[in-house]
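# Close look at the chain arrangement
Here is what each chain is made of, one letter per residue.
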Amino acid sequence: MLRVAVVGSGPSGCYTTQSLVQLDPEVRVDVLDRLPCPYGLVRYGVAPDHEKIKSLQNNLRAALEHERVRFLGGVRIGPGGVGVARLRELYHAVVYCVGAATDRRLGIPGEDLPGSWSATQFVSWYSAHPDAVDAGFLRDARSAVVIGVGNVAVDVTRMLARGLAELTPTDMPQAALNTLADSRVTEIHMVGRRGPSQARFTTKELRELGTLPETDVVVDPAELALDPGYTDPSALPAQQRRNVEVLRGWAGTPPRGAPRRIHLRFFLRPAELLAEQGHVGAARFERTAPDGHGGVTGTGRHEVIEGQLVLRSVGYRGVSLEGLPFDPVTGTVPNRSGRVLREGVVIPGEYVAGWIKRGPTGVIGTNRPCAKETATALLEDAPVLALRAVRDDPLPALRAAGIDPVEWEGWQAIERAEAELGASLGRGVVKLPDWQSLLKAAAAKAR
Ligand code: NAP
């Protein structure tokens, strides 16, 4: 009987676990997570107003509640926790499903000015990630600039435009809700360096911007017309064609005079963030032009867009884990069908799935076939893996190393505490936003 550790309880970790227990009637899986809460980016990345996507937690829950699966939260893998080599000793196989934990950088002057944040920092704050800080994101902000035109950019743009009535039913922490509801941001500029037919957002997410109360979506037809695919989008792939059609619709509709405006901008490459009294006050962009091959070239002309809040939403990036190989160019762990490669050679026993395997692309469902491929590879290696004897139960060894995992009952106690907090505020479930309250709630599991 194989004992497998899956590191990370986000979608790729849960789908890997699900595949393993479905494909092998005996395997036992421990799902380890650095946080006391499961579900990774479904809990801490999916926007709070996307109830339907968030309800995917119920599918992921089934994997973690399987009788041969154990959730062990609050277990850090790497320096300061359980080392990669030690984990390998404790289990027949380890699957790393650790995602892409940091952000890409823009590499422009002013990027680190106060008031300029990565979209991830902003998302983590309103999603109650326990490592997030309340950086006073909206303090004195009237205009916000969101750099990038992917789905994360659409998420943060939408959250900046939401009001009290729409935020209250979410599980957003109360402090973030109050701040967003009191926001004085009226102009939100979402800016892409290439054209509308190359934007990365999906049409459903784009369309939703047009449904926001008290918000106009403003698109300049002259800017869209720079895109060769704009006049006749029929030759574009389906998603790009639909995106262009939605944008054309907005470009042809005069604003209704709503109190808030989302400006969708294209062909503007970030050049510099400009300071005003030590704080970001604007972003300077270079106007670009299509190069005929899907890319753009600079034109030497510049435009400055006012923004006391700048959110850089230019994609995630994988982080290396001490003891595991890492390709700094792609930000992934080198692998073949999920088997980790050390200097180009497969060493059975170490696997990857999800964004750390293939890079930060795709929607949640993309992780399902990716995880299945990895689980299949692992189980093909089972005859070799099973030759090595491991402990019956690695938990006592983890405890002996000073690690006291939050088990499933602890997580359920956190869920109860979040329901109670919400009830006390006259809301539904409200997330606990800090380590102390999460660990305190988990410790109350005996009730
Ligand atoms: P993304 O889809 O890769 O989009 C990144 C954006 O940043 C692109 O517009 C890209 O432009 C731009 N960019 C990159 N480097 C830049 C630079 N130096 N200067 C200016 N712009 C730059 O990344 P994401 O939005 O973080 O999303 C990550 C993944 O999560 C995606 O697969 C996304 O679909 C998924 N997601 C899905 C949902 C949902 O389904 N509701 C929600 C959130 C996230 P170029 O194209 O020109 O490089």
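About the cut-offs
- The residue numbering used here restarts from 1 in each chain and proceeds along that chain's sequence as written.
- In keeping with the predicted nature of the model, local features appear solely for residues at pLDDT of at least 70, side-chain atom pairs appear and are counted solely at 80 or more, and the whole-chain, interface and lining totals rest on all residues.
- Calculated side-chain values reflect all of the structure's heavy atoms, with hydrogen atoms and water omitted.
- Helix numbering and strand numbering both begin at the N terminus, where a helix is a DSSP run of H or I of at least 4 residues and a strand a DSSP run of E of at least 2.
- The atom set for the radius of gyration is the C-alpha atoms, and the globule formula is 2.2 Å times the number of residues raised to the power 0.38.
- The contact definition used throughout considers only heavy atoms, calling two residues in contact when any of these lie within 4.5 Å.
- In short, Shrake-Rupley with a 1.4 Å probe defines the accessible areas, and a residue's cover is counted only from the protein chains shown.
- Each reported salt bridge corresponds to a side-chain nitrogen of Lys or Arg within 4 Å of a carboxyl oxygen of Asp or Glu.
- The start and end points of each domain follow an automatic or database-based domain assignment.
- By definition, the buried area sums, over both parts, the 1.4 Å-probe accessible area that each loses when the two are put together.
- Distance and chemistry together define a polar contact, namely a pair of N or O atoms within 3.5 Å, with one atom able to donate a hydrogen and the other to accept it when in protein, and with adjacent residues in sequence counting only for side-chain atoms on both sides.
- Just so you know the grouping, Ala, Val, Leu, Ile, Met, Phe, Trp, Tyr, Cys and Pro go in nonpolar, Asp, Glu, Lys and Arg go in charged, and all remaining residues, Gly too, go in polar.
- Throughout this description, buried means an accessible area under 20% of the type-specific maximum (1.4 Å probe, protein chains only), exposed means over 50%, and partly exposed covers the range between.
- Note on terminology: near, applied to a residue and a molecule or strand, indicates that one of the residue's heavy atoms is within 4 Å of it.
- In this analysis, strands are considered paired if DSSP registers two or more bridges between them.
- Think of each axis as a best-fit line through the C-alpha atoms, taken over the contacting stretch in the case of a helix, with angles from 0 to 180 degrees between the N-to-C directions.
- Any angle that falls under 35 degrees is termed roughly parallel, while one over 145 is termed roughly antiparallel, one within 65 to 115 roughly perpendicular, and all others oblique.
- It is the rotation of the near helix from the far one that decides the hand of a crossing: anticlockwise by less than a right angle makes it left-handed, clockwise makes it right-handed.
- Note on aromatic contacts: the rings of Phe and Tyr and the six-membered ring of Trp form a pair at centre separations within 6.5 Å, being stacked when their planes are under 30 degrees apart, edge-to-face when over 60 apart, and tilted otherwise.
- Here, over-ring charges are defined by two tests on the NZ atom of lysine or the CZ atom of arginine: distance to the ring centre within 6 Å, and angle to the ring normal within 35 degrees.
- UniProt positions are given in the numbering used here, feature names are shortened, and annotations may be inferred rather than shown by experiment.

We now examine the overall build of the chain. Of the regular secondary structure elements, the chain holds 19 helices and 18 strands. In terms of C-alpha radius of gyration, the chain reaches 23 Å, essentially the compact-globule figure of 22 Å for 447 residues. Seen along its three principal axes, the alpha-carbon backbone of the chain occupies a region of about 70 × 55 × 40 Å. Intrachain contacts of the chain at a sequence separation of at least 6 include 74% that bridge at least 24 residues. In the structure as shown, the chain presents an accessible area of about 19,200 Å², 53% of it carried by carbon and sulfur atoms.

All told, the structure shown has 32 salt bridges when counted by the stated rule. Here arginine 261 and glutamate 187 are joined by a salt bridge, their closest N and O atoms 2.6 Å apart. With arginine 261 in strand S10 (residues 260-265) and glutamate 187 in strand S8 (residues 187-191), this pair connects stretches of sequence that are 74 residues apart. Three or more residues joined by partner-sharing salt bridges are found here, namely Asp49, Asp155, Arg158, Arg162, Glu166 and Glu208.

In this section: the domain arrangement of the chain. In terms of domain boundaries, the chain breaks down into domain 1 (3-101 + 318-406) and domain 2 (104-316). Spacing between the C-alpha centres of domain 1 and domain 2 amounts to 33 Å. The interface is formed by 16 residues belonging to domain 1 together with 18 residues belonging to domain 2. Taken over both partners, the interface formed by domain 1 and domain 2 buries close to 1,400 Å², and the fraction arising from carbon and sulfur atoms is 57%. The largest share of the area that domain 1 buries against domain 2 comes from Tyr44, Pro48 and Asp49, three residues that together contribute 41% of it. For the pair domain 1 and domain 2, the number of links is 3 salt bridges. Salt-bridge contacts for aspartate 49 lead to arginine 162; the nearest nitrogen and oxygen are separated by 2.8 Å. Across the domain 1-domain 2 interface, the total number found is 5 residue pairs in polar contact (both at pLDDT 80 or more). Contributing elements (two or more residues each) for the side of domain 1 that touches domain 2: helix H2 (40-44) and helix H3 (51-54). Of the residues that constitute the side of domain 1 that touches domain 2, the class distribution is 9 nonpolar, 2 polar and 5 charged.

Turning next to the side chain of glutamate 208. Topologically, glutamate 208 is positioned in helix H10 (residues 203-209). For glutamate 208, a relative accessible area of 18% corresponds to the buried category. Side-chain polar atoms of glutamate 208 contact the side chain of histidine 50, separated by 2.7 Å. Other than its neighbours up to four places away in sequence, glutamate 208 contacts Asp49, His50, Arg158 and Arg162.

Taken together, the neighbourhood of the ligand is formed by 23 residues, with Val149, Arg193, Arg194, Glu205 and Gly362 sitting nearest. Between glutamate 205 and the ligand, the recorded distance is 3.1 Å, taken from a side-chain N or O atom to a nitrogen atom. Serine 313 has a polar backbone atom sitting 3.5 Å from an oxygen atom of the ligand. Alone, the ligand offers 920 Å² of accessible surface; in the complex the protein occludes 86% of this.

Here we come to the sheet that holds strand S9 (residues 215-219). Ordered by their spatial adjacency, 6 strands build an open sheet running S6-S14-S7-S8-S10-S9, and the pairing between neighbours is parallel. With one partner strand each, in any of the chains shown, strand S6 (116-118) and S9 form the two edges of the open sheet. Strand-to-strand, the axes of this sheet are offset by a mean angle of 20 degrees, without reference to chain direction. Relative to strand S14 (residues 309-312), strand S7 (residues 143-147) runs parallel, the two sharing 4 bridges. The residue bridging valine 145 from the neighbouring strand is valine 310, located in S14. Its contacts with the sheet place helix H6 (residues 119-126) against S6 and S14, and it is angled at close to 75 degrees to S6. Sheet contacts for helix H13 (residues 238-251): S9 and S10; angle to S9, the most-contacted strand, approximately 105 degrees.

So, on to the packing of H6 against helix H7 (residues 151-161). Between H6 and H7, the least distance of the axes is 10 Å, while the angle of their chain directions is 50 degrees. Viewed along their axes, H6 and H7 adopt a mutual orientation that is oblique. For the pair H6 and H7, the crossing hand works out as left-handed. Side by side, H6 and H7 meet where Ala119, Phe122, Val123 and Tyr126 of the first sit next to Val152, Asp155, Val156, Met159 and Leu160 of the second. Residues of the contact of H6 with H7, tallied by class, amount to 8 nonpolar, no polar and 1 charged.

With that out of the way, let us pick up the packing of aromatic side chains. Taken as a whole and assessed by the stated rule, the structure comprises 8 aromatic pairs. Pairwise contacts between aromatic rings join Trp117, Phe122, Trp125, Tyr126 and Phe137 into one cluster. Between arginine 248 and the ring centre of tyrosine 230, over which it is positioned, the NZ or CZ distance is 5.2 Å.

Turning to the UniProt feature "binding site: NADP(+)" (unreviewed entry) in the chain, a few remarks are in order. Following the UniProt record, the feature "binding site: NADP(+)" (unreviewed entry) maps to Arg193, Arg194, Glu205 and Gly362 here. With respect to the helices, strands and loops of the structure, arginine 193 is situated in the loop between S8 and H10. With respect to the helices, strands and loops of the structure, glycine 362 is situated in the loop between helix H14 (355-358) and helix H15 (367-380).

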